[in-house]
Amino acid sequence: MKTKVIVVMLLAVLGLNVGYANELYLDVDVTTGDIDITQTGDGNKIGTDAQSPFVLNRSSHTVSIEQIGDNNTLTGTVTGSSVALTNSVTGSGNTQSITCADCSGATITNTIVGSTNTTTQALGGGAGQTSILSITGSGNTVSHTIGDNAGGSSGNITVSGSTNNVTLNQIGTPVLPHQAVINATGTGINLSINQSTP
């Protein structure tokens, strides 16, 4: 099954520069599928509310999300194994929060180009999860957390620019070891890395 959702914000009505923000609340509960979502413009939103989706609630989805513009938000939860979620953001002042609640073998990728963006990625239960974050710009805040899952999960963060803040937490007692790879270039970059067991 191929599902394609395109949301485009148009400016200028009757010659006036009037902005309209789009909101998409997505709750997917099908066995497998490909989902493509594109939002263009400022102040757009994916997830939170209509009682809080966006939710991917099954295994083996391939999901691509792209937000182009400023001050957009994305809030979502992934539950299911072998999900491939790619989120791409171009612009400034955007906020992305993705939680992988119980998703063995999932790959969550965030690619951010712009400034003053806030990106949070949290992986929970399950084994063999891969978290990839690529940030280009200045004044961005990135947080990656792997909780007490079965292990074998990795966090791969690449940051380029100035005055970026990166936090990586890998906490718990996994059966297999976690892995962290961080590549940072630029000036004034703040890195905080915590790998610990109780």
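Q: Please clarify how the overall build of the protein should be interpreted in this entry.
A: Within the protein, the secondary structure is distributed over 0 helices and 18 strands. Across the 198 residues of the protein, 36% fall into the buried class. In the protein, the proportion of contacts linking residues at least 24 apart, taken out of those at least 6 apart, comes to 48%. In the form shown here, the protein has an accessible surface area of approximately 8900 Å², with 53% of it arising from carbon and sulfur atoms.

Q: Can you walk me through the pairing of strand 15 (residues 154–162) in this structure?
A: Put simply, side chains in a regular strand alternate between the two faces of the sheet. By the bridge criterion, 7 bridges tie strand 13 (residues 130–136) to strand 15 in an arrangement that is parallel. Bridging from a neighbouring strand, Thr136 pairs with Ser160 of strand 15. The pairing of strand 15 with strand 17 (residues 179–187) spans 9 bridges and is classified as parallel. The residue bridging Ser154 from the neighbouring strand is Gln179, located in strand 17.

Q: Explain unusual backbone geometry here, please?
A: The general pattern is negative phi for most residues beyond glycine and trans for most peptide bonds. You will see that Thr116, though not glycine, has its phi angle at about 50°, which is positive. Structurally, Thr116 is set in the loop between strand 11 (107–113) and strand 12 (118–125). A positive phi is found at Thr163, a non-glycine position, where the angle reads about 50°. You can see Thr163 is positioned in the loop between strand 15 and strand 16 (165–171). Of the residues examined, Thr163 reaches a relative accessible area of 46% and is grouped as partly exposed.

Q: What should I look at first to understand the nonpolar core in this one?
A: A general feature of soluble globular proteins is that nonpolar side chains tend to end up buried together. Ranked by internal contacts, the top residues of the largest apolar core, which has 18 residues, are Phe54, Leu56, Ile65, Val78, Leu85, Cys100 and Ile108. Looking at this core, the elements with two or more residues in it are strand 4 (33–40), strand 7 (61–68), strand 8 (73–79) and strand 10 (95–102). Residues within four places of Ile65 in sequence aside, it is in contact with Ile37, Ile46, Phe54, Leu74, Leu85, Thr86, Asn87 and Ser88. Counting 9 residues, the second-largest nonpolar core is a separate cluster that includes Ile112, Val142, Val166 and Leu168.

Q: Explain the pairing of strand 11 here, please?
A: The sheet contact formed by strand 9 (residues 84–90) and strand 11 spans 7 bridges and is parallel. Across the sheet, residue Thr86 finds its bridge partner in strand 11, namely Thr109. As paired elements, strand 11 and strand 13 share 7 bridges and run parallel to each other. Among the inter-strand pairings, Asn110 is bridged to a residue of strand 13, identified as Leu133.

Q: Honestly, the environment of Asp70 in this entry has me stumped. Any pointers?
A: Of note, Asp70 is situated in the loop between strand 7 and strand 8. As a C-alpha pair, Asp70 and Gly43 span 27 residues in sequence and 6.5 Å in three-dimensional space. Setting aside chain neighbours within four positions, we find Asp70 in contact with Gly41, Asp42, Gly43, Gly91, Ser92 and Asn94.

Q: Please clarify how the side chain of Asn44 should be interpreted in this entry.
A: With respect to the helices and strands, Asn44 occurs in the loop between strand 4 and strand 5 (45–46). Of the polar contacts made by the side chain of Asn44, one reaches the backbone oxygen of Gly41; its length is 3.3 Å.

Q: Would you mind going over the environment of Asn169 with me for this structure?
A: Within the fold, Asn169 resides in strand 16. A relative accessible area of 18% means that Asn169 is categorised as buried. Apart from residues no more than four positions distant in its own chain, Asn169 is found in contact with His144, Thr145, Ile146 and Asn194.

Q: Explain the confidence of the model for the protein here, please?
A: Caution applies to low-pLDDT parts of the model: their predicted coordinates are not meant to be read in detail. Per-residue confidence for the protein averages 76 on the pLDDT scale, and 73% of its residues sit at or above 70. A low-confidence stretch, residues 1–20 (pLDDT under 50), is modelled with 37 contacts involving residues beyond four sequence positions or located in other chains.

What counts and what doesn't
Residues numbered from 1 in each chain as written. Predicted model: local features only at pLDDT ≥ 70, side-chain atom pairs only at ≥ 80, totals over all residues. Heavy atoms only, no water. Helix = DSSP H or I, 4+ residues; strand = E, 2+ residues; numbered from the N terminus. Buried < 20%, exposed > 50% of the residue type's maximum accessible area, 1.4 Å probe, protein only. Contact = heavy atoms within 4.5 Å. Areas by Shrake-Rupley, 256 points an atom, 1.4 Å probe, with all protein chains shown as cover. Pairing = 2+ DSSP bridges. Core = buried A, V, L, I, M, F, W, Y, C linked by side-chain atoms within 4.5 Å. Polar contact = N/O pair within 3.5 Å; in protein donor to acceptor, adjacent residues only side chain to side chain. pLDDT = per-residue confidence, 0-100.

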